[in-house]
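So you can see what is in the structure, the chains are spelled out below.
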Amino acid sequence: RRGDPASLPSDEVLCLLADGGGRVWAGTAEGLVCIAPATGALTIYRHDPADPRSLGSDRVTALCEGSVGEIWVGTDHGLDRFLSPQAGFVHHLAGPAAPLALSGKEIQTIAEAQTGGLWLGGESVGVVRLDLGDGEITHFPVDLADPRALQNDMVNCIALDRSGVLWVGHGLGVSLLDSHAKQFFHFHEDVNHPGGLSNNTVWSFWEDSTGKVWIAT
């Protein structure tokens, strides 16, 4: 119910995360919610133009917990890292310091890299790797003239499997990134091939205990 501190700020829930401490995080169209495991109490974080440490935008589209417990938040205005209720958020890929192609763009999916960085994807973003050590950004944009490049920039989901292969789901199927050669291999819907995708719009991945990757279309 709107205005009720015990209710979600919006019925439109865009992403969910259960962190290592048992807290449940919900990204909504009107803020980020943290639910305490013991009491069920809600803490709601919103954007405040007068506070640079507030959430970068109220529309929260992606969540990811890092290897040391940090919470990464994707919004329709970039990437935030949650520090604490007192310290607030640090903003990435936003403002004049961000590359022009990425500044203020919607981050729809986040995955932690094996070497400690982040893989990011989103609408009109393509695929981005952020090195958390030196802040270096590697952008893999769409290039329709190069079959080894990403072919669609409507990136809905990213997953890194146990062998280190990056799976990218978008509006034209699945692309697998060979991070050493920095080239993609693509898989599409093919009505003439029983082993092809059932649909080209890919929404999520899940790797099971045997290492098999399941694809939702």
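Residues numbered from 1 in each chain as written. Predicted model: local features only at pLDDT ≥ 70, side-chain atom pairs only at ≥ 80, totals over all residues. Heavy atoms only, no water.

Taken as a class, soluble globular proteins show a tendency for nonpolar side chains to be buried jointly. Trp-25, Leu-32, Leu-63 and Val-73 are the most contacted members of the largest nonpolar core, which has 13 residues in total. Excluding anything up to four places from it in sequence, Leu-32 contacts Trp-25, Ala-26, Gly-27, Thr-43, Ile-44, Tyr-45, Leu-55, Val-60, Leu-63, Val-73 and Phe-89. Membership of the second largest hydrophobic core comes to 12 residues, among which are Val-155, Ile-158, Val-168 and Leu-177. (Core = buried A, V, L, I, M, F, W, Y, C linked by side-chain atoms within 4.5 Å. Buried < 20%, exposed > 50% of the residue type's maximum accessible area, 1.4 Å probe, protein only. Contact = heavy atoms within 4.5 Å.)

Before going further, it helps to examine the pairing of strand 2 (residues 24-28). Successive side chains on a regular strand alternate, one facing one side of the sheet and the next facing the other. Most of strand 2 sits out of view: 4 of its 5 residues are buried. Connecting strand 1 (residues 13-18) to the next strand, strand 2, in antiparallel fashion are 5 residues, including Gly-22 with a positive phi near 90°. The pairing of strand 2 with strand 3 (residues 31-35) spans 5 bridges and is antiparallel. Following the sheet pairing, Trp-25 is matched in strand 3 by Cys-34. (Helix = DSSP H or I, 4+ residues; strand = E, 2+ residues; numbered from the N terminus. Pairing = 2+ DSSP bridges.)

With that settled, the discussion passes to the pattern of salt bridges. Inspection of the entire model under this criterion finds 5 salt bridges. Glu-12 serves as the salt-bridge partner of Arg-59, at 3.3 Å between the closest nitrogen and oxygen. With Arg-59 in the loop between strand 4 (42-45) and strand 5 (60-65) and Glu-12 in the segment before strand 1, this pair connects stretches of sequence that are 47 residues apart. One salt bridge in this structure joins Asp-146 and Arg-148, with 3.3 Å as the shortest N-O distance. (Salt bridge = Lys/Arg side-chain N within 4 Å of Asp/Glu carboxyl O.)

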